[in-house]
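Here is how the chains run, residue by residue.
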Amino acid sequence: MRRSGDWIEPDWTAPRGVRALCTTRSGGVSLPPFDSLNLGDHVRDDPARVAANRERLRQHMAPCRPVFLQQVHGTTSLQLTADTPDGIVADGCVALAGS
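What counts as what
- Residues numbered from 1 in each chain as written.
- Predicted model: local features only at pLDDT ≥ 70, side-chain atom pairs only at ≥ 80, totals over all residues.
- Heavy atoms only, no water.
- Helix = DSSP H or I, 4+ residues; strand = E, 2+ residues; numbered from the N terminus.
- Buried < 20%, exposed > 50% of the residue type's maximum accessible area, 1.4 Å probe, protein only.
- Contact = heavy atoms within 4.5 Å.
- Lys, Arg positive; Asp, Glu negative; His and termini not counted.
- Charge placed at Lys NZ, Arg CZ, Asp CG, Glu CD.
- Core = buried A, V, L, I, M, F, W, Y, C linked by side-chain atoms within 4.5 Å.

Asks: How do you make sense of the overall build of the protein when you look at a structure like this?
Replies: Each helix and strand in the protein was counted, giving 1 helix and 5 strands. In the protein, the succession of α and β elements from N to C terminus is β-β-β-α-β-β. On the principal axes, the C-alpha backbone points of the protein span a range of 40 × 30 × 25 Å. Looking at the protein residue by residue over its 99 residues, the buried ones come to 26%. Across the protein, every contact between residues at least 6 apart in sequence was considered, and the portion connecting residues at least 24 apart equals 15%. Across the protein, the 11 positively charged side chains and the 11 negatively charged ones have centroids separated by 3 Å.

This is the structure in structure tokens:
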């Protein structure tokens with residue numbers, strides 16, 4: 001594992017184009033009790049701060065785009081496409097090459 005600032009990225013041998021990233025709670029702009037890199041828009045955090053945190057993640061992941069699911073602790077997962085919007089109810093997702 002590599003920890004680069006506010007992200008944890010696996011140090012692995014993976015096929016070309018395969019990436020993984022885990023966020024931490026560091027490096028964002030949210031105030032307690034949401035401090036600091038809160039990415040959830042379904043809690044009582046300031047929506048402008050959540051948007052700023054999500055933008056930080058987008059910048060780090062460019063040219064890839066993160067998709068923010070509305071997780072409900074169920075069994076639904078979905079295949080992402082280039083135009084999958086944020087807010088879809090699902091608890092897992094996969095992005096296939098060329099999607």
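Asks: I keep staring at the nonpolar core and nothing clicks. Help me out?
Replies: As a rule of thumb, soluble globular proteins bury nonpolar side chains together. Judged by nonpolar contacts, Trp7, Leu37, Leu39, Leu57, Met61 and Phe68 together constitute the single largest core of 6 residues. Of all hydrophobic cores here, the second largest spans 5 residues; its members include Val67, Leu69, Leu78 and Leu80.

Asks: Quick question: what am I supposed to make of unusual backbone geometry here?
Replies: With the exception of glycine, most residues fall at negative phi, and the peptide bonds are largely trans. Each neighbour pair has its own omega, and for Asp35 with Ser36 the value is -10 degrees, a cis peptide bond. Here Ser36 lies in the loop between β3 (22–23) and α1 (47–61). Unlike most non-glycine residues, His73 shows phi in positive territory, near 60 degrees. Take His73: it is sitting in the loop between α1 and β4 (77–80).

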